[in-house]
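Okay, here's what each chain looks like letter by letter:
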Amino acid sequence: MEFNDQEVIVDCPHCKGEIIVNILEITNHHTVSCPNCSKKVDLAANDPSAKLGVPKTYMPFDGLADYMKQVEEKRKKK
């Protein structure tokens with residue numbers, strides 16, 4: 001799997017729900033709908049470090065593998 005295909009979690013700024021997107025969607029500044037509140041979320045409007053959905057405690061990539069496992073588990077539940 002390529003880096004751009006990796007899925008990450010972004011918090012909805014409206015309801016604080018979790019939105020699972022891939023890095024390419026963020027890179028291309030897509031707009032997505034929140035699965036919880038259905039409001040549009042502009043992925044380009046977020047802070048660059050928050051855009052990836054990776055908590056700053058994981059930067060720079062320390063513990064990233066564990067984080068990616070959590071994302072995968074949450075994606076499977078939805």
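J.: Just give me the short version of the overall build of the chain, but keep the residues and values in it.
T.: Along its length, the chain carries three helices and four strands. Counting helices and strands in the order they occur from the N terminus, the chain gives β-β-α-β-β-α-α. When burial is assessed residue by residue, the chain has 27% of its 78 residues classed as buried. Surface accessibility of the chain: about 5200 Å² in total, with carbon and sulfur atoms responsible for 51%.

J.: Could you give me a rundown of the environment of Lys16, with the residues and numbers involved?
T.: Within the secondary structure, Lys16 is located in the loop between strand 1 (7-11) and strand 2 (18-22). Sequence separation between Lys16 and Cys37 is 21 residues, and the spatial gap between their C-alpha atoms is 9.4 Å.

J.: Could you give me a rundown of helix 3 (residues 64-77), with the residues and numbers involved?
T.: The end-to-end C-alpha distance of helix 3 is 20 Å, a good match for the 20 Å that 14 residues give at a rise of 1.5 Å each. All of the buried residues in helix 3 are Leu64, Tyr67, Met68 and Val71. The arc enclosing the buried residues of helix 3, seen along the axis, measures out at 100°, which places them on a common side. The exposed residues of helix 3 that point more than 90 degrees off its buried face are Ala65, Lys69, Glu73, Lys76 and Lys77. Taken together, the buried residues of helix 3 touch strand 1 and strand 2.

Rules and cut-offs
- Just so you know, the residues in each chain are numbered from 1, in the order the chain's sequence is written.
- Local features in this predicted model are restricted to residues of pLDDT 70 or higher, and side-chain atom pairs are both shown and tallied only at a pLDDT of 80 or more, whereas totals for entire chains, interfaces and linings draw on every residue.
- Think of the side-chain values as coming from all heavy atoms in the structure, minus any hydrogens and water.
- Helical segments are the DSSP runs of H or I of at least four residues, strand segments are the runs of E of at least two, and each set is numbered from the N terminus.
- Summary of the burial criterion: residues with accessible area below 20% of their type's maximum are buried, those above 50% are exposed, and those between are partly exposed, where the area comes from a 1.4 Å probe applied to protein chains only.
- Residue burial considers only the protein chains on display, and all accessible areas are found by Shrake-Rupley using a 1.4 Å probe.
- Here the expected length of a helix is defined as 1.5 Å per residue gap, with one fewer gap than residues.
- Arc definition: it is the arc formed by the directions from the helix axis to the C-beta atoms.
- In what follows, a contact means two residues having at least one pair of non-hydrogen atoms within 4.5 Å.

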